[in-house]
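Residues per chain, in single letters:
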Amino acid sequence: MKRISLTQYLVEQQREHGRIPAELRLLIEIVARACKTIAIAVNKGALGDVLGSAETENVQGEVQKKLDIISNEVLIEANEWGGHLAAMASEEMDTIHVVPHRYPQGEYLLLFDPLDGSSNIDVNVSIGTIFSVLRKVGHHHGRVDEITEEDFLQPGRAQAAAGYCVYGPQTTLVLTVGEGVAVFTLNRETGSWMLTADQVQIPADTQEFAVNMSNLRHWAPPVRRYIDECLAGKDGPRGKDFNMRWVASMVADVHRILTRGGVFLYPWDQREPHKPGKLRLMYEANPMAFLVEQAGGSATNGSQRILDIVPGTLHERVSVMLGSKNEVQRVTGYHAD
Ligand code: P6P
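If you're wondering where the values come from, they're calculated on a predicted model, not measured in any experiment.

Novice: Would you mind going over the overall build of the protein in detail, with residue names and values included?
Specialist: A tally of regular secondary structure across the protein gives 7 helices and 17 strands. Scaling as 2.2 N^0.38, a compact globule of 337 residues should have a C-alpha radius of gyration of about 20 Å, and the protein matches this with 20 Å. Referenced to the eigenvectors of the C-alpha coordinate spread, the extents of the protein come out at roughly 65 × 45 × 45 Å. For the protein, with 337 residues in total, the buried portion stands at 56%. Taken as a whole, the protein presents about 14100 Å² of accessible surface, with 50% of it coming from carbon and sulfur. Between the centroid of the 33 positive side chains of the protein and the centroid of its 42 negative side chains there is a distance of 5 Å.

Novice: How would you sum up the sheet that holds strand β6 (residues 127-135)? Please name residues and give values.
Specialist: An order of β4-β3-β5-β6-β7-β8-β9-β10 is seen for the 8 strands of this open sheet, with the pairing classed as mixed. If you trace the sheet from one side to the other, it starts and ends with β4 (97-98) and β10 (192-198), each paired once. Relative to the sheet, helix α3 (residues 66-79) contacts β3 (85-90), β4, β5 (108-116) and β6, its axis offset from that of β5 by approximately 155 degrees.

Novice: I'd like a rundown of the pairing of β5, residues and numbers included.
Specialist: Within β5, 9 of the 9 residues are buried, which leaves the element mostly enclosed by the surrounding structure. With 5 bridges connecting them, β3 and β5 associate as parallel partners. Directly across from Ala89, in β5, lies its bridge partner Leu111. In this sheet, β6 lies alongside β5 in antiparallel orientation, the contact comprising 7 bridges. When the sheet's bridge partners are listed, Phe112 is paired in β6 with Phe131.

Novice: Before we move on, could you go through the sheet that holds strand β17 (residues 320-323) and cite the residues and values that matter?
Specialist: As summarised here, the arrangement of the 5 strands in space is β12-β11-β13-β17-β15, forming an open sheet in which the pairing is mixed. Lying at the two open borders of the sheet, with one neighbouring strand each, are β12 (243-244) and β15 (298-300). In this sheet, β12 lies alongside strand β11 (residues 208-210) in parallel orientation, the contact comprising 2 bridges. When the bridges of β12 are listed, Phe209 appears paired with Met244. Seen against the sheet, helix α6 (residues 281-294) touches β15 and β17 and runs at an angle of roughly 25 degrees to β17.

Novice: Which residues make up the site of the ligand, and what are the values?
Specialist: The local shell around the ligand consists of Asp116, Gly117, Asn212, Trp246, Ala248, Ser249, Met250, Phe264, Tyr266, Lys278, Leu279 and Glu284. The separation between an oxygen atom of the ligand and a polar side-chain atom of Asn212 is 2.9 Å. One nitrogen or oxygen atom from the main chain of Met250 is found 2.8 Å from an oxygen atom belonging to the ligand. Protein chains bury 84% of the 400 Å² of accessible surface belonging to the ligand in isolation. Per-class residue counts for the shell around the ligand are 6 nonpolar, 3 polar and 3 charged.

Novice: Before we move on, can you summarise the pairing of strand β1 (residues 53-57) with the specific residues and values?
Specialist: Summarising the sheet, β1 and strand β2 (residues 63-65) pair through 3 bridges and their orientation is antiparallel. Each residue of the ladder has a partner; that of Ser53, found in β2, is Lys65. As consecutive antiparallel partners, β1 and β2 are separated by 5 residues, and within that stretch Gly61 has a phi angle of approximately 75 degrees, a positive value.

Novice: Kindly report on the pattern of salt bridges, identifying the contributing residues and their values.
Specialist: Two side chains bearing opposite charge may form a pair once their charged atoms approach each other closely. Scanning all chains against the criterion turns up 19 salt bridges. A salt bridge links Glu179 to Arg19; the shortest N-O distance between them is 3.5 Å. Pair noted here: Glu179 is in the loop between β8 (171-176) and β9 (181-187) and Arg19 is in the loop between α1 (6-17) and α2 (22-44), with a separation of 160 residues, a long-range link. Close ionic contact of Arg280 with Glu284 constitutes a salt bridge, the shortest N to O distance being 3.5 Å. Relative accessible area serves as the criterion here: at 0%, Glu284 is assigned to the buried category.

Novice: Can you explain the packing of α1 against α2? Please cite residues and give values.
Specialist: Running from N to C, α1 and α2 point in directions that differ by 160 degrees, and their axes come no closer than 11 Å. Regarding the angle of α1 to α2, the classification is roughly antiparallel. The two elements α1 and α2 cross, and the hand of that crossing is right-handed. Together, Leu6, Thr7, Leu10 and Val11 of α1 and Arg25, Ile28, Glu29 and Ala32 of α2 make up the contact between the two elements. Residue classes in the contact of α1 with α2 are distributed as 5 nonpolar, 1 polar and 2 charged.

Novice: Break down α2 for me, with residues and values.
Specialist: Compared with the 33 Å implied by 1.5 Å per residue over 23 residues, the 34 Å span of α2 between its first and last C-alpha is a close match. Following α2 by one or two positions, Gly45 adopts a phi angle in the positive range, close to 55 degrees.

Novice: Which residues make up the domain arrangement of the protein, and what are the values?
Specialist: Partitioning the protein into structural domains gives domain 1 (6-198) and domain 2 (208-336). On a C-alpha basis, the centres of domain 1 and domain 2 stand 24 Å from each other. Counting residues at the interface gives 49 residues for domain 1 and 30 residues for domain 2. Together domain 1 and domain 2 conceal approximately 2900 Å² of surface at their shared face, both sides included; 63% is due to carbon and sulfur atoms. At the junction of domain 1 with domain 2, the criterion picks out 2 salt bridges. With a closest N to O distance of 3.0 Å, Glu91 and Arg280 form a salt bridge.

So, how was this worked out
Residues numbered from 1 in each chain as written. Predicted model: local features only at pLDDT ≥ 70, side-chain atom pairs only at ≥ 80, totals over all residues. Heavy atoms only, no water. Helix = DSSP H or I, 4+ residues; strand = E, 2+ residues; numbered from the N terminus. Rg over C-alpha atoms; globule rule 2.2 N^0.38 Å. Buried < 20%, exposed > 50% of the residue type's maximum accessible area, 1.4 Å probe, protein only. Areas by Shrake-Rupley, 256 points an atom, 1.4 Å probe, with all protein chains shown as cover. Lys, Arg positive; Asp, Glu negative; His and termini not counted. Charge placed at Lys NZ, Arg CZ, Asp CG, Glu CD. Pairing = 2+ DSSP bridges. Contact = heavy atoms within 4.5 Å. Axes fitted to C-alpha atoms, helices over the stretch in contact; angles between N-to-C directions. Near = heavy atom within 4 Å. Polar contact = N/O pair within 3.5 Å; in protein donor to acceptor, adjacent residues only side chain to side chain. Nonpolar A, V, L, I, M, F, W, Y, C, P; charged D, E, K, R; others polar. Salt bridge = Lys/Arg side-chain N within 4 Å of Asp/Glu carboxyl O. Parallel < 35°, antiparallel > 145°, perpendicular 65-115°, else oblique. Left-handed = near helix turned anticlockwise from the far one by under 90°. Expected span 1.5 Å × (residues − 1). Domains from an automatic or database assignment. Buried area = accessible area lost by both parts, 1.4 Å probe.

Structural data, given as structure tokens:
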């Protein structure tokens, strides 16, 4: 494949499909550049003053790592001035961040988990940035600060773009604007994102599941049945053996599934029955579901397509089953039984 840069890819996509207007192209390029800055901070590890806890808590009540805060600030500062955005939302911020009056406002809303997989930062396991792009809907007249949290509460099928960056052995940016999934690898000599895969497809079948098995006793029966059948192997109802992977970094687990297939489960469990799941809908499940569906896979919460869920609040959680279409349909079907 001829290696083209992210910029050339975006310009050619706009020329061919008209789905990347200038403001969206600017947004994507700015987020991609911010991910490069985050990658540099992450790669410093113990050599930079970036590891360990920041001794603060986020809206989820989770202790924040220094890199969580650094990554969040990088994304806010990179996106404030461009005139492409009206507001931003982040796992690390209680409320939305409206673009300050001193800058022009644009049509897009950007949501992100600036550094997902924080529990892996200090032990040098792949982590990542997840982002989702929505359009400002409705009509706002007059003052810019009319943008409210309500404007963000759109179902995932409304996304204009979604992607993630994996800070791993390679630094990889994965992106969709609704025309399939493209993968870019960072060329560290030139600092350019170079196209290394396009129109990624997830195999419909798999023999690999990703789940945190230590929660087994807390799962609802349909999930328990699905995993038990995988564990029963070729002599069981599935007639084939399964392998398991669990990186505990969603971007790493999803990237493996986009690369070679698999099914990822973070289901509801009875530990905190009032919570529908652990993962956040707006800036984890929705962008990943958009990417997975664009690559021919499926993503449900056990009963409905994740991209159809109408959000009630910005930081709401959701049960997640995503990946190889036939496996997601099977485990979702067990919920209907
Ligand atoms: P557990 C990381 O903290 C995260 O939000 C996802 O990236 C990951 O899939 C999940 O939580 C891991 O959760 O309970 O296995 O540590």
